[in-house]
Amino acid sequence: MENTTTFQVLKGGLAETAFTSSRQFVSSYVTDTRLMGVMGVYIHWYLPENNFLKHFHQFFYLDAEEFGFDSYESVLESDDGGRYYDIKAIENKMIGGLGGRKMRISEKEARFLIQSYAKMNRKMNIPLPGKTEEYEFLLSPSEELSSDEEYALMCKECTAISSPYQVINYFLMRCFGRDFKAAKFLTRGYVRTDIFPEHKAATLMSNSIDNADDADSGSNTNYYITDDDKDFGTFSTRRSYLCQSLIEYDCKYYIVITQVTLDKLKVVKYEKISSFRVSSAEATMMTSRPEFITVFNPVEGNIYESDEITIENNPGLVFTLDSTDLVSTAMVTEHEAGRVYMMFYPNNDHVSSREYRLSDDVRGVYYILDNGQFVLCAYDSSSIELLEKDISSSGIGPYLYLAARYQFKEPVLYEFIGSGSEDFLEFADIISDGENDDGDDR
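Starting afresh in each chain, residues are numbered from 1 along the sequence in its written order. In view of the model being predicted, local features appear only for residues whose pLDDT reaches at least 70, and side-chain atom pairs are presented and counted only at 80 or more, with totals across whole chains, interfaces and linings using the full set of residues. Calculation of side-chain values draws on the structure's entire complement of heavy atoms; hydrogens and water are dropped beforehand.

### Considering the sheet that holds strand β18 (residues 400-408)
Consider a sheet: its strands pair through backbone hydrogen bonds, and that pairing is either parallel or antiparallel.
Argument step 1. An order of β13-β14-β16-β17-β12-β18 is seen for the 6 strands of this open sheet, with the pairing classed as antiparallel. Whereas interior strands pair on both sides, the edge strands pair on one side only; in this sheet they are β13 (331-335) and β18. Pairwise comparison of adjacent strand axes, ignoring direction, gives a mean angle of 20° for this sheet.
Argument step 2. With 8 bridges connecting them, strand β12 (residues 291-298) and β18 associate as antiparallel partners. Of the residues in β18, the one forming a bridge with isoleucine 293 is tyrosine 406.
Argument step 3. Only heavy atoms enter the contact rule, under which two residues are in contact if any of them lie within 4.5 Å. Note on method: axes are straight lines fitted to C-alpha atoms, helices fitted across the in-contact stretch only, with angles between N-to-C directions ranging 0 to 180 degrees. Think of it this way: any DSSP run of H or I at least four residues long counts as a helix, any run of E at least two long counts as a strand, and we number them from the N terminus. Of the strands in this sheet, β12, β14 (338-344), β16 (362-369), β17 (374-378) and β18 touch helix α8 (residues 381-392), which is tilted by about 150° from β17. Strand pairing is assigned whenever DSSP identifies at least 2 bridges connecting the two strands.

Written out as structure tokens, the structure is:
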């Protein structure tokens with residue numbers, strides 16, 4: 001008897017993609033970091049026709065200064081949320097260092113942003129990043145916003161301004177980056193922003209702010225009589241500040257002196273005082289700061305006496321984004337002898353400082369070597385103590401012991417990472433001039 005059974009091939013989850021279903025918009029956000037010159041955008045789509053992979057997560061990194069639509073990554077996942085850690089890792093890598101809040105935006109606003117930065121790429125002849133076929137549906141038809149809608153979106157993209165130092169630092173950052181659209185968002189009335197056409201788009205490495213010594217300065221606020229009976233008056237809200245900025249482009253460094261006048265928290269005047277080049281050594285001296293470094297070794301013994309104590313054969317030393325409280329939002333990079341976890345502050349409060357430095361957004365760094373050594377780095381004593389507590393009180397703490405503490409006058413961690421050395425204590429002995437302290441009393 002002939003077997004007439006018919007077999008039917010059922011498509012499994014592996015055959016499903018973002019294109020085997022229609023897309024329903026779920027949510028989107030933009031980071032409020034436009035005044036830093038970069039933003040992250042996230043879009044979540046639901047794929048109703050797929051049987052398994054029903055969620056499509058897209059991540060976009062947008063650069064307003066040089067690179068436009070700079071990078072793209074995506075994740076497909078099922079309803080069980082099995083790709084949670086992949087999504088978390090991408091978020092940390094793309095927006096973990098931006099220090100901004102996630103501001104909810106509409107599908108229309110998200111499309112407008114992606115299209116605007118893709119146009120920048122075409123204008124600058126920069127190829128679009130990643131798998132273009134995954135997001136090309138966002139690039140057409142063209143999305144238009146009214147002037148009011150565009151202003152409302154810009155307000156979502158930009159953090160709220162709350163202090164004079166903050167607006168000045170952001171304003172100079174945008175002007176030196178030749179991102180004049182964002183700079184003008186911080187002005188009132190006509191303000192010429194391109195007063196240094198001789199300079200290319202530059203990074204603001206540091207900036208110091210002082211009251212200007214004139215009638216418009218904060219210490220000489222004028223009082224104007226507005227009524228004949230002299231019972232009422234009005235204070236001038238204009239204040240002028242003198243700024244000394246260190247900028248960098250093409251590995252060249254310049255000191256730029258400007259005067260910025262504010263009316264409350266808006267820039268109303270921007271004046272050029274001087275500009276001159278400095279050497280890279282001088283720039284390093286201006287931006288360098290001490291490094292506090294703590295070294296933990298595995299409890300089983302001294303790693304220099306045994307090649308057997310490694311992360312691979314000691315599960316207790318396995319380190320992930322869930323290992324400690326602070327590392328959960330770290331940006332991770334791979335290196336020859338280990339892995340770097342860079343932890344940023346959750347905000348950009350450093351921009352509100354009178355003395356601004358680009359690197360002040362870094363809370364600390366963990367360098368986890370493949371041989372099990374943990375090197376912790378921070379830039380002040382309270383921060384390194386916080387990092388030590390984070391490691392010691394975590395589940396990985398019992399597997400480690402404190403091996404040494406150091407305070408260096410100049411940065412050494414990335415010199416160690418680049419050296420390929422696998423033992424910080426030996427490295428410290430080589431570079432030490434006897435002034436560093438490897439005891440417990442910093």
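### Quick notes on the pattern of salt bridges
Argument step 1. Salt bridges are defined as contacts in which a side-chain nitrogen from Lys or Arg sits within 4 Å of a carboxyl oxygen from Asp or Glu. In the structure shown here, the tally under the stated rule is 24 salt bridges.
Argument step 2. Residue aspartate 86 pairs with arginine 83 through a salt bridge whose shortest N-O separation is 2.4 Å.
Argument step 3. Aspartate 322 is paired through a salt bridge with lysine 88; the nearest N and O atoms lie 3.2 Å apart. Note that aspartate 322 is positioned in the loop between β12 and β13 and lysine 88 in helix α1 (residues 84-95), a separation of 234 residues in sequence.
Argument step 4. Overlapping salt bridges bring together Arg34, Glu65, Glu157, Arg174 and Asp179 as one network.

### Examining the nonpolar core
Most often, soluble globular proteins keep nonpolar side chains buried together rather than apart.
Argument step 1. Counting residues in each nonpolar core, the largest one holds 34 residues, and the members touching the most others are Ile168, Phe171, Leu172, Phe176, Val260 and Tyr270.
Argument step 2. Elements with a minimum of two residues in this core: α5 (164-176), α6 (180-184), β6 (203-211), β9 (238-249), β10 (252-263) and β11 (266-278).
Argument step 3. It is α5 that provides the largest number of residues to this core, a total of 8 residues.
Argument step 4. Isoleucine 168 has contacts with Asn207, Ile209, Tyr241, Cys243, Val260 and Leu262, leaving out every residue within four places of it along the chain.
Argument step 5. Membership of the second largest hydrophobic core comes to 25 residues, among which are Ala110, Tyr117, Phe137 and Leu138. The criterion is simple. A nonpolar core is a set of buried Ala, Val, Leu, Ile, Met, Phe, Trp, Tyr and Cys residues joined through side-chain atoms within 4.5 Å. A 1.4 Å probe rolled over the protein chains alone gives each residue an accessible area, and that area as a share of the maximum for its type sets the label: buried under 20%, exposed over 50%, partly exposed in between.

### Considerations on helix α2 (residues 107-123)
Each full turn of the α-helix corresponds to 3.6 residues, which orients residues three or four apart in the same direction.
Argument step 1. A helix is expected to span 1.5 Å for every residue after the first. A rise of 1.5 Å per residue sets the reference length of α2, with its 17 residues, at 24 Å; its end C-alpha atoms lie 24 Å apart and thus fit the reference within 8%.
Argument step 2. Those residues of α2 that sit buried are Glu109, Ala110, Arg111, Phe112, Leu113, Ile114, Gln115, Tyr117, Ala118 and Asn121.
Argument step 3. For α2, the elements touching its buried residues are β1 (24-31), β2 (38-46), β3 (55-63), β4 (68-77) and α4 (147-157).
Argument step 4. Positioned one or two residues after α2, asparagine 125 has a phi angle of 60°, which is positive.

### Description of the sheet that holds β3
Argument step 1. If you walk across this open sheet you meet the 5 strands as β4-β3-β2-β1-β5, and the pairing is antiparallel. One side of each edge strand has no neighbouring strand; the edge strands of this open sheet are β4 and β5 (102-104). Averaged over all pairs of adjacent strands, the angle between their axes in this sheet comes to 20°, without regard to strand direction.

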